[in-house]
Amino acid sequence: MKIKDNPQDKDGSHVDPERVVAHMNLTLIEVAEPHLLDLVQGDRRCGPLVAERISPTLAVVAPAHTESLLSHLRRLDFLPRVVTPAKGRR
């Protein structure tokens, strides 16, 4: 894997490639537009279940909270793309 020249962190600072950590068995949600992820993170039930936003349209779900988050999102008629380690894309 080639690391981009001058990668930047969320705040615009440079990322040290030697500090990059890879995690396994994470669930990700992806939305079409950044404002949709803003809504998810701003919701009082869904927000705490999002562990980290890793791009404007992609977030890591808090471990062990995938089904709870998806349940809340379904009640809101919100269906982001979900990638889980065991099941692949849903």
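As the structure is a computational prediction, the values presented were derived from the model and not from experiment. (Residues numbered from 1 in each chain as written. Predicted model: local features only at pLDDT ≥ 70, side-chain atom pairs only at ≥ 80, totals over all residues. Heavy atoms only, no water.)

Caption draft 1: Region of interest: the pairing of strand β2 (residues 50–55). Pairing of β2 with strand β3 (residues 58–61) involves four bridges; the strand directions are antiparallel. Opposite V50, over in β3, you have V61 as the bridge partner. The antiparallel pairing of β2 with β3 creates a hairpin that spans two residues between the two strands. (Pairing = 2+ DSSP bridges. Helix = DSSP H or I, 4+ residues; strand = E, 2+ residues; numbered from the N terminus.)

Caption draft 2: Looking closely at the nonpolar core. If you look at the biggest cluster of nonpolar residues, it comprises 14 residues, and the most contacted ones within it are I29, L37, V40, L69 and L73. Contributing elements (two or more residues each) for this core: α1 (34–42), β3 and α2 (66–75). With three residues, α2 is the largest single contributor of residues to this core. With sequence-adjacent residues up to four places away left out, L73 is seen in contact with V40, C46, F78 and P80. (Core = buried A, V, L, I, M, F, W, Y, C linked by side-chain atoms within 4.5 Å. Buried < 20%, exposed > 50% of the residue type's maximum accessible area, 1.4 Å probe, protein only. Contact = heavy atoms within 4.5 Å.)

Caption draft 3: Summary view of the pattern of salt bridges. Tallying each qualifying case throughout the model produces two salt bridges. For the salt bridge of E30 with R81, the shortest nitrogen-to-oxygen distance reads 3.4 Å. Highlighted residues: E30 in strand β1 (residues 28–30) and R81 in strand β4 (residues 81–84), separated in sequence by 51 residues. Judged by its relative accessible area of 29%, E30 falls in the partly exposed class. Its relative accessible area of 36% is what places R81 among the partly exposed residues. A salt bridge links D38 to R53, with the nearest nitrogen and oxygen atoms 2.6 Å apart. Remark: R53 occurs in strand β2 and D38 occurs in helix α1; sequence separation between them is 15 residues. Residue class for D38 comes out partly exposed when judged on its relative accessible area of 42%. (Salt bridge = Lys/Arg side-chain N within 4 Å of Asp/Glu carboxyl O.)

Caption draft 4: Spotlight on α2. For α2, the complete set of buried residues consists of T66, L69, L70, H72 and L73. Projected onto a plane normal to the axis of α2, the buried residues spread over an arc of 160 degrees and lie on a single side. In the core, the buried residues of α2 are packed alongside β1, α1, β2, β3 and β4. A positive backbone phi angle near 60 degrees is found at D77, which sits one or two residues after α2. (Arc of directions from axis to C-beta.)

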